[in-house]
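The residues making up each chain are set out below.
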Amino acid sequence: MSEIKKDDVLEESGAVLGEQLDTTVDHEYKDEDIQVLDGLEAVRKRPGMYIASTSSKGLHHLVWEIVDNGIDEAMAGYATTVSVSVDNDNIVTVEDDGRGMPVGVNAKTGKSTIETIFTVLHAGGKFGGGAYKVSGGLHGVGASVVNALSEWLEVSVYHNGEEYFVRFENGGHAVSPLKMIGSCDPEKHGSKVRFKADPTIFTETTVYDHEILRDRLRQLAFLNKGIRLTFHDDRAEKEENKDYTFLFEGGLKQYVEYLNRHRTAIHPDIIYSEGHENGIQVEVACQYNDSYNPKVYTFCNNINTVEGGTHEEGFRLALSRIINRYAKNNNILKNKDENLTADDCKEGITAVISVKHSDPQYEGQTKTKLGNTEVRKIVSDIFGTQLERFLMENPDQAKQIMDKVVLASQARLAAKKARETTRRKSNLEISSLPGKLSDCSSKDASICEIYIVEGDSAGGSAKQGRDSHYQAILPLRGKILNVEKARQHKAFENAEIRSMITAFGCGVMDEVDTSKLRYNKIVIMTDADVDGAHIRILLLTFFYRFLRPIIEQGHVYIAQPPLYKVQKGNTIRDAYTEPQMVRLRAELGDRLSIQRYKGLGEMDAEQLWETTMDPKNRTLIRVNIDDAEKADQYFSIMMGEEVEPRKQFIIDNADFANLDI
Ligand code: 0R9
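Read on for a plain summary of the structure. (Residues numbered from 1 in each chain as written. Predicted model: local features only at pLDDT ≥ 70, side-chain atom pairs only at ≥ 80, totals over all residues. Heavy atoms only, no water.)

1. Points about helix H9 (residues 374-393)
- In this model H9 runs 29 Å from its N-terminal to its C-terminal C-alpha over 20 residues, within 8% of the 28 Å that 1.5 Å per residue would give.
- What H9 keeps buried is the set Val375, Ile378, Val379, Ser380, Ile382, Phe383, Gly384, Leu387, Phe390 and Leu391. (Helix = DSSP H or I, 4+ residues; strand = E, 2+ residues; numbered from the N terminus. Expected span 1.5 Å × (residues − 1). Buried < 20%, exposed > 50% of the residue type's maximum accessible area, 1.4 Å probe, protein only.)

Written as structure tokens, this is what we have:
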């Protein structure tokens, strides 16, 4: 979690998912294929045009760019292992055991191929005409961009018992041409790239996040079965966090096993299919668990296509086609019965769909939606055939699945009724908003805020202390329903949930329309204790499952009430975190009077306004979940049935669990 600063909105982001993999197609690069273009200077001037940003996210892109090149070599069948290590100075080394980059000279540039691909923008095949690697979106920009944005970068190639070396400095210029610098074990072969990110470009941070690197490398290993990915982190304090090896011969089958590790599967075997058609590779794995939410993760060329696309459509089509056919053929559904919907068939499924395509087309707001239409049928055929076979060969497991989807359809009909009642009620209640809501007077949503407050007494102080022009208060009585454990219609029957839906005014689920949201900021204000953390998690679970766009669009915040009041003479200061408390003690010296705030309810209206609600003093944490897998795991662990993983999670993430989401 980021350090908390006053007067600041903090972003809580998940790991970076969805990086680019270049797929090498059957073609040998020739030195002369490399097209010469200008411009490392352009990259340094406008890095944002080449990498996502110069924040931590962009910093990690540097690693993925080089790792992708190593994975390409492994996918082409020449390398078995790609290793990544980070040292104490945040210098990154990526190494593979492939053929070694070509050490010849490029005819057009007159320089070595390696110098060319590391100094010429877009050199490397894709723009060269003949050979092509596939890339899309912002990534896959090439090794030259990494070089341009590094303080220095070194390349070593091991080939035929010889070691070649070149170093780049000063905005990517080769210090001297590629040289054979000595001999090496004749058995050794491969490429190594070492680099130090340029702190004048990455001004926010040049420190890599251990978890982001580890998790993405694990994910890449799941997505590329049989390729060994290793990770070494010199900076890790604990010995057990220094070295990791990820190698999954089972590919997505093991990925689904991993994703379901904290869930209760309702059938033992993972449904798995793979195949290819017209050069498009398809791999799909899925398994049902006893939860109600589907978790479907899709990838194209190792990029997490968070907006889905034609591969996801193909999967959905096959799932409902085959399940309905099986249900009809086995008299589970009568011919006159209505078909099960795709949503019925997806309830509680964990699925991963991965395609590899030489010419992917991305659409959607964030260019993470796969658009290639031919993919739909290919995925549907390959997955459909295997699913049907699975159901026929495993009648016991098929029965578990059929029971689940039929129940889902019955619950859907019940939810529809409950939802219609809620919708009718909300329409009625628009003029008479929930009774306990103390609304603000302004109708300009862009300045309005709603505080969701724990308990009536804190609600009372907040109501008195607020600026009623733009701050609304909605007190919650008791704990809201845990939507992770309940079916939808129960949620729609819950009074607290209904008040929120009505107050927000933007609809729910697939009908959410954030342009109708009545408040720009939805602020969760709970006590800084375990109960407060629990209520916060329940609320966030509800938002995540029912109103996800309001999180995605940055409307949800967590208020930070102070933990301590520190007084010395006439000086009174508040500490919002333990580290801040330590700093205050050091700053103010001895003879302090320290009072621990027990809860929001204990503060009077003025105190609450000054410490927690006044934009001049308050600290808000913006909830920003951009890693669906992490968020799903988080909510399943925190809200699910299993106690042990929850305990462990809280121990591992004390900060995360108690302070923010
Ligand atoms: C450390 C991470 N690994 C790499 O960056 C890496 C690139 C690379 C490579 C070849 C082999 N190993 C590599 N590791 C390679 C590819 C081809 C022919 N010979 C060697 C080919 O694709 O035909 N290269 C990737 C691009 C290029 N080499 C080049 F040809 F453009 F230089």
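2. Things to note about the pattern of salt bridges
- For the structure on display, the rule yields 29 salt bridges.
- Between Glu169 and Arg167 there is a salt bridge; the shortest N-O distance is 2.6 Å.
- Glu169 sits in the partly exposed class, given a relative accessible area of 30%.
- Residue class for Arg167 comes out partly exposed when judged on its relative accessible area of 23%.
- The salt bridge involving Arg477 is made with Asp456; its shortest N-O contact spans 3.0 Å. (Salt bridge = Lys/Arg side-chain N within 4 Å of Asp/Glu carboxyl O.)

3. A short note on the packing of helix H5 (residues 210-223) against helix H6 (residues 252-259)
- Two numbers describe how H5 lies on H6: the axes approach to 7 Å, and their chain directions differ by 135°. The angle between the axes of H5 and H6 places the two elements in the oblique class. Across from Arg218, Gln219, Phe222 and Leu223 in H5, the residues of H6 making contact are Leu252, Gln254, Tyr255 and Tyr258.
- Residues that form the contact of H5 with H6 fall into these classes: five nonpolar, two polar and one charged. (Axes fitted to C-alpha atoms, helices over the stretch in contact; angles between N-to-C directions. Parallel < 35°, antiparallel > 145°, perpendicular 65-115°, else oblique. Contact = heavy atoms within 4.5 Å. Nonpolar A, V, L, I, M, F, W, Y, C, P; charged D, E, K, R; others polar.)

4. Quick word on the sheet that holds strand E23 (residues 571-575)
- Spatial ordering of the open sheet is given by E23-E22-E24, a layout of three strands whose pairing is antiparallel. Edge positions in the sheet fall to E23 and strand E24 (593-596), since each has one partner strand and no second. Ignoring strand direction, the axes of neighbouring strands in this sheet form an average angle of 20°.
- Where strand E22 (residues 564-568) lies against E24, four bridges are found, and the strand directions are antiparallel. Bridge pairing in E24 places Val566 opposite Ile594. (Pairing = 2+ DSSP bridges.)

5. Quick look at the sheet that holds strand E15 (residues 349-356)
- In spatial order, the strands read E11-E12-E15-E13-E14; together these five strands make up an open sheet with mixed pairing. The open sheet has two free edges, formed respectively by strand E11 (271-277) and strand E14 (303-304), since each of these has just one partner strand.
- Where strand E12 (residues 280-288) and E15 come together, eight bridges link them in antiparallel fashion. Counted as the bridge partner of Gln287 is Thr350 from E15.

6. Comments concerning the packing of helix H13 (residues 495-504) against helix H14 (residues 530-546)
- At their nearest, the axes of H13 and H14 sit 12 Å apart, and the two run at 55° to each other. As far as their axial angle goes, H14 and H13 are oblique. With respect to the hand of their crossing, H13 and H14 are arranged in right-handed fashion. Between H13, through Ile497, Met500, Ile501 and Phe504, and H14, the contact on the second element is made entirely by Leu539, Phe542 and Phe543. (Left-handed = near helix turned anticlockwise from the far one by under 90°.)

7. Remarks on the packing of aromatic side chains
- All chains considered together, the criterion is met by 12 aromatic pairs.
- On the basis of an interplanar angle of 25° and a centroid distance of 5.8 Å, the ring pair of Phe118 and Phe168 is categorised as stacked. Note that Phe118 is positioned in helix H3 (residues 113-119) and Phe168 in strand E5 (residues 162-169), a separation of 50 residues in sequence.
- Between the aromatic rings of Phe542 and Phe543, the centroid separation amounts to 5.7 Å while the plane-to-plane angle is 50°, which identifies the pairing as tilted. (Phe/Tyr/Trp six-rings, centres within 6.5 Å; stacked < 30°, edge-to-face > 60°.)

8. Some points on a negative patch on the surface
- A cluster of acidic side chains, namely Asp234, Glu239, Glu240 and Asp243, defines a negative patch on the protein surface.
- Structurally, Glu239 is set in the loop between strand E9 (228-233) and strand E10 (243-246).
- Given the relative accessible area of 61%, Glu239 is considered exposed. (Patch = residues over 30% accessible without salt bridge, like charges linked within 9 Å, V, L, I, M, F, W, Y side chains within 5 Å. Areas by Shrake-Rupley, 256 points an atom, 1.4 Å probe, with all protein chains shown as cover. Lys, Arg positive; Asp, Glu negative; His and termini not counted. Charge placed at Lys NZ, Arg CZ, Asp CG, Glu CD.)

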